[in-house]
Amino acid sequence: MNEQVEDEITLRWADEPKAAYDVVIIGGGGHGLATAYYLATRHGITNVAVVERNWIGSGNSGRNTTIIRSNYGIPASVRFYQRSVELYAGLEAETGRSVMHQRKGLLWIHHSETGIRAERARAHLNQAMGVETEFVGPEEIKAIVPEIDLSGGGRFPVMGASHHLPAATARHDRVVWAFAEGAAAQGVDILQHTTVTGIRTAGGGSGAGRVTGVETDRGFIAAGTVLSATAGHTTTITDMVGLRIPIRTHQLQALVTNQYRGQGGRAFHPIVASAELAFYVSQTARGQMLMGAEWERQPSYSYRSGSEFLRSCTAKAITLLPFLRDLRVLRQWTGVCDISPDSSPIMGLTPVDGFLVTTGWGTWGFKGIPAGGEALAELIATGRTPALIAPFGLDRFARDRILADAGSAGTQ
Ligand SMILES: Cc1cc2nc3c(=O)[nH]c(=O)nc-3n(C[C@H](O)[C@H](O)[C@H](O)COP(=O)(O)OP(=O)(O)OC[C@H]3O[C@@H](n4cnc5c(N)ncnc54)[C@H](O)[C@@H]3O)c2cc1C
């Protein structure tokens, strides 16, 4: 890293909070930091603080399995995630920082007639919207992933898949740091180890009032606008302004194995997911096999991993990719996810003037970081909700305009 940049960042992060900011962002994950970055770089708004109770990236943004894709099942989502795929592809050039972005393609495999029908429809929708998703049969799947057992252990026969070519991965903590460094270099304050404990509002009257700032364990910070970007902790923040929000917090776990050298030394290139098994795997830059499965049904704020996940995830993995049985599990971990009723994110204004949310990112929000940040920055800067995120407002539940897309979430 450039020494001068490092000094600036170190100094800025050591600063005491200022008494007031134009914008305070609660949560130093990808969404909070990307919003700060785009506020500074696209709109010249730099009197901004990102307030993070631990260290940046300590939440889901530093715990995810790094899959970026746009093969969604409804037009609003395809459009939104396609913008994110584009921004990710250009992120290294834009920020000047390596995020280890790698285009890999994703095979979304099905084992039933019903699944195949739904997958074909999704591929058609993607194509109609200019997204490269093709339907492929078992032979083509075998050519892309020679390791696959097409009989699925005799129980989950591989009947077909969609091949989503733009799918990619990027190193999660590098994405967090690229946005953080980029924002800090523009003058944004990143306040780590600072917990928001309350939110002050004024002038409630018959409405919900206007936000005036945040209480923290380092004192009160005044703010014209406050954005909550706190993933699984969203309801603890919205409670502070008396706002009920349809989010439940559920755990999602992941694990990584030791290095797989590949068949004939050939890397395991694509991302492979099975819809019916609710399982997915990819290979990291270190050659380790990174996998995950569905979110835990029981709501919880706990970060503890469990042996049941280890058992069920590895059983699914071996069903489809028998070579995985020869590897060793090195680590497993958990994040707490903000699950919305329709499996789509919630972004934008709330009934509390000046208080915004970006949430409902659930198990699928890493891929949405650049587009979410870009759109929220525009909303904060201009006061107008960009068309790209207009369908994702909190008011959609009251207006009966839900964006039901659980089939695209891939983890249930
Ligand atoms: C195991 C796992 C695998 C995943 N895999 C993928 C994937 O492959 N692809 C994909 O697209 N998505 C994936 N996701 C989802 C993705 O990681 C998240 O949706 C995304 O990172 C959310 O980013 P965020 O910035 O909203 O939240 P976070 O990164 O969780 O950041 C929120 C921050 O808010 C802070 N905070 C909370 N309360 C307070 C407070 N009171 N004061 C100050 N700070 C506070 C937290 O400490 C945290 O750092 C996965 C998630 C998990 C857990």
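The following paragraphs examine the structure supplied in this document. (Residues numbered from 1 in each chain as written. Predicted model: local features only at pLDDT ≥ 70, side-chain atom pairs only at ≥ 80, totals over all residues.)

**Details of the sheet that holds strand β7 (residues 160-164)**
1) Next: Here we have 8 strands laid out as an open sheet, ordered β6-β7-β5-β14-β15-β16-β13-β17, and mixed in their pairing. At either margin of the open sheet sits one strand with a lone partner, and together these are β6 (133-136) and β17 (329-339). Strand-to-strand twist across the sheet, computed as the mean angle between neighbouring axes with direction ignored, equals 20°.
2) Next: Both strand β15 (residues 279-283) and strand β16 (residues 288-293) contribute to a ladder of 5 bridges, which runs antiparallel. Its bridge partner being in β16, Val-281 is matched across the sheet by Met-291.
3) Next: Strand contacts of helix α5 (residues 113-128): β5 (106-110), β6 and β7, with the helix running at about 150° to β6, the strand carrying the most contacts. (Pairing = 2+ DSSP bridges. Helix = DSSP H or I, 4+ residues; strand = E, 2+ residues; numbered from the N terminus. Axes fitted to C-alpha atoms, helices over the stretch in contact; angles between N-to-C directions. Contact = placed C-beta atoms within 7 Å.)

**Things to note about the pairing of strand β13 (residues 248-259)**
1) Next: Here 10 bridges tie β13 to β17, and the two strands are oriented antiparallel to one another. When the bridges of β17 are listed, His-250 appears paired with Cys-337.

**Observations regarding unusual backbone geometry**
1) Next: Within the chain, Thr-66 stands out as a residue other than glycine whose phi angle is a positive 65°.
2) Next: Within the secondary structure layout, Thr-66 lies in the loop between β2 (48-51) and β3 (67-68).
3) Next: The buried category is assigned to Thr-66, around which 23 C-beta atoms lie within 10 Å.
4) Next: At Ala-278, a position not held by glycine, the phi torsion is positive, near 50°.
5) Next: Note on Ala-278: 18 C-beta atoms within 10 Å, which makes it partly exposed. (Buried ≥ 20, exposed ≤ 12 C-beta atoms within 10 Å, placed from the backbone.)

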